Amino acid sequence: MNKILAILKKEEWSPYWSGAALGVVAVLSVALSAHPLGASGSFENIGGLILRAIAPTLVANNLYFRFIMPPGITWQVILMVGVFCGAFAASRLSRTFRLAAVPDPQWRAVFGPSRWKRWIVAFLGGIILEYGAGIAGGCTSGLAIAGGVALAPAAFLFMGGMFASGILTAMLLYRSRY
Amino acid sequence: MWDYLLALVFGFCFGWLLQKAGLTKYHKIVNVFRFTDLSVLKFMLSALVVGMIGLYGLQDLGLLKLANITPTYIVGNIIGGLIFGVGMAGAGF
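Residues numbered from 1 in each chain as written. Chains lettered and ligands numbered in written order. Predicted model: local features only at pLDDT ≥ 70, side-chain atom pairs only at ≥ 80, totals over all residues. Heavy atoms only, no water.

Caption draft 1: Representation of the overall build of chain A. Tallying secondary structure elements over chain A gives 10 helices and zero strands in all. Shown N-terminal to C-terminal, the secondary structure of chain A runs as helices and strands in the order α-α-α-α-α-α-α-α-α-α. Its C-alpha atoms give chain A principal-axis dimensions of about 55 × 45 × 35 Å. Split into buried and exposed, the 178 residues of chain A put 45% on the buried side. Excluding contacts between residues fewer than 6 apart, the proportion of contacts in chain A whose partners are at least 24 apart in sequence is 50%. Counting every atom, chain A has about 9800 Å² of accessible surface; 72% of that belongs to carbon and sulfur. Across chain A, the mean location of the 14 positive side-chain charges is 6 Å away from that of the 5 negative side-chain charges. (Helix = DSSP H or I, 4+ residues; strand = E, 2+ residues; numbered from the N terminus. Buried < 20%, exposed > 50% of the residue type's maximum accessible area, 1.4 Å probe, protein only. Contact = heavy atoms within 4.5 Å. Areas by Shrake-Rupley, 256 points an atom, 1.4 Å probe, with all protein chains shown as cover. Lys, Arg positive; Asp, Glu negative; His and termini not counted. Charge placed at Lys NZ, Arg CZ, Asp CG, Glu CD.)

Quick look at the structure:
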């Protein structure tokens, strides 16, 4: 019992083991439910909900919201609530939970401690990321992992594109520090 | 109702594992693109390997039927991936 507790309290697990466990979760999700384990779609569901409150006709006439990502509290939104709780529980249990404006030491060392710089880059990056996920039909979890386990070619095309441009972007951002 | 409960449970496991693997941290995400920390790849590929074997193994045993596999749109998937990568390397999420 104490051994199990010690494992649960450990700050970091091996990525191999946690990845393998996610593989099991992905199998269970296919076996028990018809929904893919997607992350990015839920933000579009909520975004559509907010936009519909502001501009209802715009959302009603938008083909993307009408056929691909209907606004509302969908299964994926509930999944994201679970993700938040799970990550929160994990960090609380290992006593690593902190509230910080610029939490990452590497970011601070490379780009400085400015909170606005970090937040603006995170916000713009999030927009670009969601836009790309919208075109591709999923993100790292919903397409690359949930699609990949079913051997969907889409997942591997997406991963190829993601790594190609990710490496280039990191090179441009880090320049001589790359 | 049962379906939403499952969503909560799967989400909890998913978030827990991401946090424990350190993939909620900026440096883990961006360093995979700099080849200095391959945690993201280790995580994703072991999830894929276990998931692939699990799904197709269960299907061959007749315990599970794979339905609605993600459709492929070659141009869309690649262009979407290319745009996604820019955002991922920048934001680090």
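Caption draft 2: Spotlight on the packing of helix α10 (residues 153–174) of chain A against helix α4 (residues 74–91) of chain B. Where α10(A) meets α4(B), the closest approach of the two axes is 6 Å, and the angle between their N-to-C directions is 35 degrees. The handedness of the crossing between α10(A) and α4(B) is right-handed. Counting all contacts with α10(A), which are made through A:Ala154, A:Leu157, A:Phe158, A:Gly161, A:Met162, A:Ala164, A:Ser165, A:Gly166, A:Thr169, A:Ala170 and A:Leu173, the residues of α4(B) involved are B:Ile74, B:Asn77, B:Ile78, B:Gly80, B:Gly81, B:Leu82, B:Phe84, B:Gly85, B:Val86, B:Met88, B:Ala89 and B:Gly90. Partitioning the contact of α10(A) with α4(B) into residue classes produces 14 nonpolar, nine polar and no charged. (Axes fitted to C-alpha atoms, helices over the stretch in contact; angles between N-to-C directions. Left-handed = near helix turned anticlockwise from the far one by under 90°. Nonpolar A, V, L, I, M, F, W, Y, C, P; charged D, E, K, R; others polar.)

Caption draft 3: Representation of helix α8 (residues 115–136) of chain A within the structure. With 22 residues, α8(A) should reach 32 Å at 1.5 Å per residue; the first-to-last C-alpha distance of 31 Å fits that figure. For α8(A), the set of buried residues is A:Arg118, A:Ala122, A:Gly125, A:Leu129, A:Glu130, A:Gly132, A:Ala133 and A:Ala136. Viewed along the axis of α8(A), the buried residues span an arc of 160 degrees, placing them on a single side of the element. The exposed residues of α8(A) that point more than 90 degrees off its buried face are A:Trp116, A:Phe123 and A:Tyr131. Of the surrounding secondary structure, the elements contacted by the buried residues of α8(A) are α3 (40–54), α7 (105–111), α9 (140–148) and α10 of chain A together with α2 (26–33) and α4 of chain B. If you check the start of α8(A), you find a side-chain oxygen 3.5 Å away from the backbone N of A:Trp116, and it comes from A:Ser114. Just beyond α8(A), the residue with positive phi is A:Gly137, at close to 95 degrees. (Expected span 1.5 Å × (residues − 1). Arc of directions from axis to C-beta. Polar contact = N/O pair within 3.5 Å; in protein donor to acceptor, adjacent residues only side chain to side chain.)

Caption draft 4: Highlighting the layout of surface pockets. Of the pockets and cavities examined, the second largest pocket occupies roughly 1000 Å³. Taken together, 42 residues make up the lining of the second largest pocket; nearest its centre are A:Pro36, A:Gln76, A:Gly137, A:Gly142 and B:Thr70. Taken together, the residues that form the lining of the second largest pocket break down as 23 nonpolar, 17 polar and two charged. (1 Å grid on protein atoms, 1.4 Å probe; cavity = no way out; pocket = protein on both sides within 12 Å on 5 of 7 lines; lining within 4 Å. Points joined across faces, edges and corners; volume = space filled by probe spheres on them.)

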